Each structure stands twice: as C-alpha cells, then as structure tokens.
Amino acid sequence: MPLLLSRRAFLLTGAALGGTALVAAVGGVGYLASVDVDGLDGYVDGDRAVLNAFLTIHEDGRVVVNVPRTEMGQGIHTGLAMVVAEELDIPFDDRISVEFPVEPLPAYASWFNVLQQRPEEASGPVVWVGRRVLGLLGFIATGASASTMALWYPMRVAGAAARQMLLAAGAARLGVPVNQLTTADGFVRHEASGQSLSYGELAREASVLPPPNDPPLKPASDWRLIGRSQPRVDLPAKIRGEPVFGMDVVQPGLLYASIRHAPVFGAQVARVVNEAEVRTVAGVRDVAIIDGRQVAVVAESWWRAEQAAQRLDIEWAQTDGDGINSAEMSVRLQAALGSDAPYENINDGDVEASIANSSMSVIEKTYEVPFLTHACMEPMNATVIVREDGTAEAWVPSQSPLGVRTGVQRGTEWGSVEPTSITCNITMNGGAFGRRGDLDVAAQAAFLATRHRGRPVKLIWSREEDVGRGLYRSHAAARLRAVLGPDGLPSAYDALVAAQSVIESVAGRNLPFNPGPNGDRLTVEGVDKLHYAIPNRRIRSQHVASHVPIGLWRSNGFSFNTFFTESFIDECALAAGRDPLDYRRALLRNSPRHLTVLNRVAEMAGWGSAMAPGRGRGIAIEECYRSVVAQVAEVTVGEDGVVTVDRVFCAIDVGMVINPDAVIAQMEGGIAFGVTAALMSSITLESGAVVESNFHDFPMLRLANAPEIEVTIVDSGLPPGGAGEPGIVPIAGAIANAIQAATGRRIRSLPLTTTETIAERRTRTVLPTSAV
Amino acid sequence: MVEFVVNGASVSVETDSSKPLLWVLREDLEVLGPKYGCGIAQCGACRVLIDGVSSFSCITPVGSVAGASVVTVEGLADAEGRLSIIQQAWLDEQVPQCGYCQPGFIIAVTALLESTPRPTDTDIDETITNICRCGTYPRIRRAIHRAAAMLAER
C-alpha cells in the first residue's frame, strides 16, 4: 500500500522493527542486516510475486527492480538493476524494468549520505541507531554521488537472496535436494533430469519462503554484467518521446498554475494591484498568494495561466536586500577574507611560524566565482491533488521523496488542510543537479491543490522564474597563501574561503533544525588538498550571509574550491620554475592512487609535447566522492582573444565500476557542465534582483563549442566511488592553467571569458582585455 | 477551430489561434514529446517538423499551421514501432542522459539529414543549435555521423 504511515504508526513500527533489528545486529552484516530488517516480507499479488523490497517477478518472467533513487540522467536505474540481475542470474534484457518505489520503506533510506559508512562495512551502535532513525523518517535522497556506494551491496544481497529463495522453491517443486540445482538465464535447472523451471513459474512459491541470512554472493570472477557496459534501461522510452517526466504528468481534471516570485529574494507580497482584472482573463480559475511570498495564477491551460501571470501587477514589500548588487557582494566577500575570526576547519603544523620563519616571499593570491544556477532543461514543476476524502498525492520530478512529502505537508498546512495520507510519485527528472532536493515547488503546488479540492494542480515555473528566482551556487572567494621550501614545494599552505554556507540555507528551507554555517564542509571541500604532501596546513572559512537563497549545486564546494586550489598550485609551480605536472607528482609522492591517475591523464594528453603558438595545456586533479579524477584541457587562444577548449582528457579512478559506459557519460557530461561554468555563465544581482532570465543571457555550452573528450577509467580495485559529480571538479582549474600556458595570463575569477553572440544561438568566448 | 495533421492523423482543435503549437500539442492533444524548455526559441527542446521544416513550436502560433503536417518525435518510428534510423543511432550511441532535450535534437537532426545526408562537423555546428544541459554533445555528434552512414548504406 503506497500510504504514508501516520506518526503513531511510525512509533509502533519503530518498536517492532527495533526488536527485529536487534536480532539482525547480532547476525552481522548479512542479508538480514542489510535488506530484510528494514525491508519487506515477500508476498503474492495477482500474477506478481514480491520477493523483497527491491525485487518483483511476474509470472511471465518479467522482473521489476525497485530502485529508490532518482533517475536524472546519471544512469543509476541501470547500474543498480545490473547488480540485481547479476546475482539473480537473469539476462539484462527488456524483460527487466525499473520503478521508483512509492512506499518509503526503511530499506531505501539514504543513511550512507549521513553516516558515511558503506553498508558492506558498516557496524556499531551509531550506524545501528542512525539507520533506524533515518529509515523511519523516510530519508530517501539522491545526491552527493552516493547512490552506487549506498546501494550496490544491499541490492546485490537482495538479488542473491531472491535467487536462493527461487532455488528452494525449485527444490520443493521437483522434490530434489537444492544442491543438485543451478540457475542460469532466469531458470532453475536440474541437470541430472534435464528439468528446468522458469523464475516466473517459481516466483510465487519462492516469495513466501523465509529469506536466507547471508546468501552467498557471486565472486567477481563469475560476473558477467558488473564491469561490462550495458544499455540504459530508460533510454528507449526517452528516445521515443514517451511521457516520463514530471512535466508530462496527465491526470483527469488537471488544472495548471504559473507563478511569480519576488524579484528581490525574501520580499513579501504587499498587494496584487490588478487581481480582479486578472481573474477575468479567459480560462483563469484562481489568483492565489502563496505563503505571503508568491502569486500564482491557476487556469485550464498553462499557457493561459502564464499569459495571465504576465499581466499581474504585484507590489512587493521592501527588504534589506533591495540595494544589493554583485559588486557589493564582491566587496563583502573580500572583506570577509580579512576576517579576524574565521572558522578554523583544519590547522596542522604551524602555518604562521612557517611563513614567518621563511626567507622566501609569501605567494598570496585571491580568487572569486559568481553565483550560478542549475538551469535543468525540465523547468521546475509539481502536480498535486488533495482529494475530497482527505488523501493527497503528488507527482514530482524530485531528488527527495521526503522533500516532496514535507513540501506537501507544508503546502496543505498553508491551506489549513491536514491530509489523511500523502502518496509521493517520483518521476524521471529532466536534469536535477542538486536543484530538485528542495521542497519549495511541491509545497506551492500542494497549497494550490487545497484551493481546488478534487482536481490535480500542475504548477510549472516559467524558465524566467527558474533562472531568475532560483536557489543558487554560492558566490565565493578565497585567499590562498603559501611559502615554498628549498625544494620549491609549499612548506606552508594557508587557505581562507569566504562564501555563503549551503547547508545553512538548505536546512533553513527544508529541515526542522539548522546546524548553522560554521563547519559546513561543503564550503571548504576541495580546499584542503590533503593528498598533497605539505607539512603545515591551515584551512579556514568565513560565512558571508546574504538575502540570496543558496542551493545544492552539482559538486558544491568542489565546483569553486578546486578551481581556486589547482590554479594556485600552478602559480606555485610557476614561482618555483617547475613544470605543473612534475610539481604535482612531487606533491603526490605519498599518494600512489592519485599519482596513478595523474600519470594516466598526462600520458593520454601527451603532456610535454610541443604545442603551436596560442595553444596551451593545463592540468588539475582532485579527490572527491571517494573517487580521484584528473583532467588535462587543451585550449586555443586566438589573437582576437577568442578561447576555444579543443580537447579534454579525463582519467577517473572511481573504484570498482558497475557500468563503465555510464561512468564515461558522467565524465563527458560533467566536463560540459564545468566548461559552461568556467567560460560562460554567471548570475548577477542588481538592486537585489537577478539580472539573468533565460538562456539568451545565461549562456550554456552548445554543440559548436563543445570540446572533444577522451575518458579513461583507472581500475584501482577499490570499492565503488561516486561518478555523478567528479567530472566537473577539475575542469575550470585545468582550463585556467591552459590559458596561462597559452598566453602567460592568469585569470583568477570565473567565468574566465565573456560570451559574445555571433549569430542566433551561436556564441564565442573571449578573454577579457585587461586580464591580470 | 484549427485543423492540421499531427503524426499522420488529422486533428481539429477548438482553441485560440495565437496559442503556441507547443501548448496545443501538449495540453489539447496530449502529444507530450515536444518539451517546454525556454519559451523563446533558444533551447530547441520544443522542435517539431512543420511540413518537413524543423521549427520552434514554442513560438509558433497554432493558427499558422492550419492545413500543415506536423511531425513530433512520436511520429518518427514506423507503423510497427521500429525506431527511425536517427533514433536507432541515438540508442546505439547511448546518447541521452536525462533525455528531456533529446526529442528536440532528434527532430532537428531528422531535418538536417533530410537536406544534408552527409553533414560535415561545420554543418552540424551551424544547424544543431539546441541546448543539452547534461552535456551529451560528443555522443550527439557521433550519433549524427552514425545515422548519416546508416542512411547512406540503406
């Protein structure tokens, strides 16, 4: 039943699960501990047999894999279906389909994201309690490149356990000992008698058997799917243009809504001057103020609703943010870099003494990046119905069913309705990049739905609302300092990052508690450079509050800090008169994993070979999401200053790889996303409001400017790492370093170039004339 | 009342003739392949063929397609459901990531290969100006060349 448990049921279930969990905890890290306790007992429902939380087999042999993670283009539905199919011993063909499960079972919880322990290794009381609490809260979220790390092992176990149950059912049916049976291609076989039974025939009997504890997992040497590229399960429908996205949700009696947010973030609606007039526009059903902060128009067609919304004359209350522009934000960040009491994240050795005692001059550089938006191709949307019987249901392209549920609770509360149940359907996401974890859109749609009981309301933000009224990547700056030792390598490294905390902003909108800005690791990730052998290291951060809402944004702090640090390391190498690759090799002398990746990418790029005048190569490396990624960018800078990123080489050690082609695709896509940020786009403020509004003034990479990309996967034999975000991380630094190599000019702020339009929908990127 | 043909079927729609074709397709006809991305002819997610010409349905008033033949991504597969050669190339190269922009790309490429069966990279750069935020561009380029080669062999 796809029903949300009531709070009371939570408590009761919690007590029951607690008892079972105790048994499992004693049992160790086996099947019970990883799947069944928090999962689902098998049952039969018509022609389908549910074997556990992750797996259903139909009588005709079709297999449905429940993947409780959002498919937003990263290929996670395919990767996790592959591990189930591997252990289950079924072919990876079109008999397998994937669904995002509607019921938020504890087995699906994203506890790895919080506890940072792999399921196959997790133990101890903190994990035990954390898993139960996060499971009962229904904390399911897709992000931090974590889905494979979180689920590859539990879902293998789920597949292996189901296989054992099918074998047991086969043994009972054939009246032979189970050890005389084998499985292959979706059949249980008895070699001696030549008999075989399909999984579809056995599934219903198997589903009611007790799940085995610690089912044996296939050794890696027997894998026929894991590590071999498989076609994405979601692509045929997408290529046919089938309706899979939130935008495509069609329900009987659908109403559409368009929305206007305050140009200056946080402003309240003072008055809708022409509400009566807008209500008379053909097709308009409602004009509603949401939470005092937004105005929505509800109509029989979204086009109608948007046309009417364009006519709204809204007076917004004044706020403290009214006078803020981007230049003022820069001044604040620069001031914060002079903070006398920043938060101290790391202090190893004695940086101050090392700098004071050095005979060398201090290398000190300051870097800055602008606000950025996600610009998912599918604009923000949510469809919600509050039925006459009190039940509510939502269809949302979201990274978090918990966010949707909390959003619906909040929105219905604004409408003074308390739903008796909330069902959350997670659709395919047309891009997400961190934007779709927030509850905002679901809350707005739910409020509108309370005003139109019994009819589903689909709220769609126009592209202008998406670009200009979004949740942004922080505007950030850093001051990096170093002194070099006799070997030319930094003997002291001192970093101070000034940025608005992501966590503080996200928590403020989405969570009942706020850990506050200090110690936000998303502010400093990518600055510590722990893999570089530097004896004295200090990392500090200063939160700079603003009225701008900050959102999670693909690779968060790495998206700016790795640009800062990998640019700075090149500047240190230059000061030491060393080649940037050799310099990094020396710094990575104690980090063999990183050194391997670095050497691989250098080899791919032919590092050191001559380049024509006006061309240059730059390198950068980072460890992130338990992966190590290095890139070399090759750029050409014309005499007119036009910058072209010609080629990018990428080596990635992502640990053990499930679906290699999906990892390659994520590197390609991450690089494109990162090139856009490095060269092309920024979000700027004027009088407190965002200037940019659509793709004409928030330019993004297109086919004509896209670099050639070559990706190599380095196999370290380590457990899986994350792949969704690493591709972006080194690229801005690599390009900045390549521009320095090509021109001798160092650019320390993003975007590195300005974008000029040369024809309709065609642009070129040009170096600023006064680059330092 | 506007009458035209969508994917081979005659339709007549009772609507404001200034309503963009995109929203008539999506809301009145439940043809959901063409996507809303920008509304200002920048991203190309809404592209459809109008009498064979790749067009931005988000800025095309439905009144202007009266009597015309509109083909959306749903209309590219044959009667038996077999993918078009371009769609097949898209599948072979595993092009899409999120997939939201891809119907627009596939339509734009369908028109390109109709007029220019063996396009150069420059032809592609000048014609295929759609936006893909996931960054599937290297695969799109490969898929276009693959489709062109498949069409030449046919």
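Quick caveat: nothing in here was measured; it's all calculated off a predicted structure.

**Quick notes on the overall build of chain A**
Part 1: From N to C terminus, chain A includes 22 helices and 30 strands.
Part 2: In summary, chain A has a C-alpha radius of gyration of 27 Å against a globular reference of 28 Å for 772 residues, a match within 12%.
Part 3: The dimensions of chain A, computed from C-alpha atoms along their principal axes, are 85 × 70 × 50 Å.
Part 4: Counting contacts in chain A only where the partners sit at least 6 residues apart, residues at least 24 apart contribute 77% of the total.

**A look at the packing of helix H2 (residues 85-92) of chain B against helix H3 (residues 102-115) of chain B**
Residues and elements named next belong to chain B.
Part 1: For the pair H2 and H3, interaxial distance at closest approach is 9 Å and the crossing angle is 130 degrees. It follows that H2 is oblique to H3 by the angle criterion. Seen from above, H2 lies across H3 with right-handed handedness. Counting all contacts with H2, which are made through Ile 86, Gln 87 and Trp 90, the residues of H3 involved are Gln 102, Ile 106, Val 109, Thr 110 and Leu 113.
Part 2: Its residues placed into classes, the contact of H2 with H3 shows 5 nonpolar, 3 polar and no charged.

**Quick look at the domain arrangement of chain A**
As a measure of interface size, the accessible area lost when the parts come together is often cited.
Residue and element names in this part refer to chain A.
Part 1: On domain assignment, one finds that chain A holds domain 1 (7-233), domain 2 (246-319 + 380-460) and domain 3 (326-372 + 471-766).
Part 2: Put simply, the middle of domain 2 and the middle of domain 3, counted by C-alpha atoms, are 37 Å apart.
Part 3: Contacts between the two partners involve 14 residues from domain 2 and, on the opposite side, 12 residues from domain 3.
Part 4: Residues of the side of domain 2 that touches domain 3, tallied by class, amount to 5 nonpolar, 6 polar and 3 charged.

**As for the sheet that holds strand E3 (residues 47-50) of chain B**
Residues and elements named next belong to chain B.
Part 1: Strand order across the open sheet formed by 5 strands is E2-E1-E5-E3-E4, with mixed pairing between neighbours. Among the strands making up the open sheet, the edge pair consists of strand E2 (9-13) and strand E4 (53-56). Shown here is a sheet whose adjacent strand axes are inclined to one another by a mean of 40 degrees, direction ignored.
Part 2: Two elements, strand E1 (residues 2-6) and strand E5 (residues 69-71), share 2 bridges in a ladder whose sense is parallel. Pairing of Val 5 across the sheet is with Ser 69, part of E5.

**Things to note about the domain arrangement of chain B**
Residues and elements named next belong to chain B.
Part 1: Partitioning chain B into structural domains gives domain 1 (2-75) and domain 2 (85-153).
Part 2: Computed from C-alpha atoms alone, the centre-to-centre distance between domain 1 and domain 2 is 21 Å.
Part 3: With 15 residues of domain 1 in contact, the opposing surface of domain 2 contributes 13 residues.
Part 4: Counting only elements with at least two residues in the side of domain 1 that touches domain 2, the list comes to E3 and E4.

**Thoughts on the pairing of strand E18 (residues 421-426) of chain A**
Residues and elements named next belong to chain A.
Part 1: Where strand E17 (residues 391-396) meets E18, 6 bridges bridge the pair, whose relative direction is parallel. When the bridges of E18 are listed, Glu 393 appears paired with Thr 423.
Part 2: Of the crossover connections in this fold, the one passing from E17 over helix H13 (residues 401-414) to the parallel E18 is right-handed.

**Quick word on unusual backbone geometry**
Residues and elements named next belong to chain A.
Part 1: Geometrically, the link from Leu 750 to Pro 751 is a cis peptide bond, its omega value of -5 degrees lying close to zero.
Part 2: Along the polypeptide, Pro 751 turns up in the loop between helix H22 (731-743) and strand E29 (754-759).
Part 3: We note that Asp 89 has phi near 70 degrees; this positive angle belongs to a residue other than glycine.
Part 4: Checked against the element boundaries, Asp 89 lands in the loop between helix H3 (76-88) and strand E5 (96-99).
Part 5: The exposure class of Asp 89 is buried, given the 23 C-beta atoms found within 10 Å.
Part 6: One non-glycine residue with positive phi stands out, namely Asp 185, at about 50 degrees.
Part 7: Inspection of the secondary structure assignment puts Asp 185 in the loop between strand E6 (181-184) and strand E7 (187-190).
Part 8: Residue classification places Asp 185 among the exposed positions, given that 12 C-beta atoms sit within 10 Å.

**Observations regarding helix H5 (residues 137-153) of chain B**
Part 1: An ideal rise of 1.5 Å per residue puts 24 Å on 17 residues; H5 of chain B measures up with 24 Å between its terminal C-alpha atoms.
Part 2: Buried residues of H5 of chain B: Tyr 137, Pro 138, Arg 139, Ile 140, Ala 143, Ile 144, Ala 147 and Ala 148 of chain B, and no others.
Part 3: The elements touched by buried residues of H5 of chain B are helix H21 (660-680) and strand E28 (708-713) of chain A together with H2, H3 and helix H4 (121-127) of chain B.

**Overview of the interface of chain B and chain A**
Part 1: Chain B puts 46 residues into the contact, and the matching count from chain A is 48 residues.
Part 2: When contributions to the side of chain B that touches chain A are tallied by element, the ones reaching two or more residues are helix H1 (21-28), H2, H3, H4 and H5 of chain B.
Part 3: For the side of chain B that touches chain A, the element with the highest residue contribution is H5 of chain B, accounting for 4 residues.
Part 4: Its residues placed into classes, the side of chain B that touches chain A shows 25 nonpolar, 13 polar and 8 charged.

**Description of the nonpolar core**
Part 1: One finds Val 384, Ala 442 and Ile 735 of chain A to be the most contacted residues of the largest nonpolar core, which totals 297 residues.
Part 2: Discounting chain neighbours no more than four positions away, the residues touching Val 384 of chain A are Ala 392, Ala 394, Val 408, Ala 442, Ala 445, Ala 446, Ala 449, Pro 456 and Val 457 of chain A.

**A short note on the sheet that holds strand E22 (residues 536-543) of chain A**
Residues and elements named next belong to chain A.
Part 1: The mixed open sheet is built from 5 strands, whose spatial order is E14-E22-E21-E20-E15. Strands with a single pairing partner mark the edges of an open sheet, and in this sheet they are strand E14 (343-348) and strand E15 (363-369). The average undirected angle you get between the axes of adjacent strands in this sheet is 10 degrees.
Part 2: Of the strand pairs in this sheet, strand E20 (residues 476-484) and strand E21 (residues 490-499) are connected by 9 bridges, and their pairing is antiparallel.

**A look at the confidence of the model for chain B**
Part 1: Across chain B, the average pLDDT comes to 98, with 100% of residues at 70 or higher.
Part 2: With pTM at 0.95, the complex prediction returns an ipTM value of 0.99.

**Brief notes about H1 of chain B**
Part 1: Most of H1 of chain B sits out of view: 7 of its 8 residues are buried.
Part 2: Buried within H1 of chain B we find Leu 21, Leu 22, Trp 23, Val 24, Leu 25, Arg 26 and Glu 27 of chain B.
Part 3: Buried positions along H1 of chain B lie against helix H10 (302-310) of chain A together with E2 of chain B.
Part 4: Directly beyond the C-terminal end of H1 of chain B, a positive phi value near 55 degrees is found at Glu 30 of chain B.

**A closer look at the environment of Phe 563 of chain A**
Residue and element names in this part refer to chain A.
Part 1: Its location among the elements puts Phe 563 in helix H18 (residues 558-576).
Part 2: Each C-alpha atom, one on Phe 563 and one on Pro 730, is 6.8 Å from the other, the two residues being 167 residues apart in sequence.
Part 3: Apart from residues no more than four positions distant in its own chain, Phe 563 is found in contact with Tyr 367, Val 369, Ala 732, Gly 733, Ala 736 and Leu 750.

**As for the packing of H21 of chain A against H22 of chain A**
Residues and elements named next belong to chain A.
Part 1: The contact between H21 and H22 brings their axes to 8 Å, and the two run at 55 degrees. The angle between H21 and H22 falls in the class oblique. Considering the relative orientation of H21 and H22, their crossing is right-handed. Each of Ile 671, Gly 674, Val 675, Ala 677 and Ala 678 in H21 lies in contact with H22, whose residues at this interface are Ile 731, Ala 732 and Ile 735.
Part 2: Here the residues of the contact of H21 with H22 are counted per class, giving 7 nonpolar, 1 polar and no charged.

**Description of the environment of Leu 471 of chain A**
Residues and elements named next belong to chain A.
Part 1: Its place among the elements puts Leu 471 in the loop between helix H15 (463-468) and E20.
Part 2: Given 23 C-beta atoms within 10 Å, Leu 471 falls into the buried group.
Part 3: For Leu 471 and Asn 599, which are 128 residues apart along the polypeptide, the C-alpha to C-alpha distance reads 38 Å.
Part 4: Setting aside chain neighbours within four positions, we find Leu 471 in contact with Arg 435, Asp 438, Pro 549, Ile 550 and Gly 551.

Rules and cut-offs
Residues numbered from 1 in each chain as written. Chains lettered and ligands numbered in written order. Predicted model: local features only at pLDDT ≥ 70, side-chain atom pairs only at ≥ 80, totals over all residues. Helix = DSSP H or I, 4+ residues; strand = E, 2+ residues; numbered from the N terminus. Rg over C-alpha atoms; globule rule 2.2 N^0.38 Å. Contact = placed C-beta atoms within 7 Å. Axes fitted to C-alpha atoms, helices over the stretch in contact; angles between N-to-C directions. Parallel < 35°, antiparallel > 145°, perpendicular 65-115°, else oblique. Left-handed = near helix turned anticlockwise from the far one by under 90°. Nonpolar A, V, L, I, M, F, W, Y, C, P; charged D, E, K, R; others polar. Domains from an automatic or database assignment. Pairing = 2+ DSSP bridges. Right-handed = clockwise from strand over helix to strand, strands pointing away. Buried ≥ 20, exposed ≤ 12 C-beta atoms within 10 Å, placed from the backbone. Expected span 1.5 Å × (residues − 1). Core = buried A, V, L, I, M, F, W, Y, C linked by C-beta atoms within 7 Å. pLDDT = per-residue confidence, 0-100.

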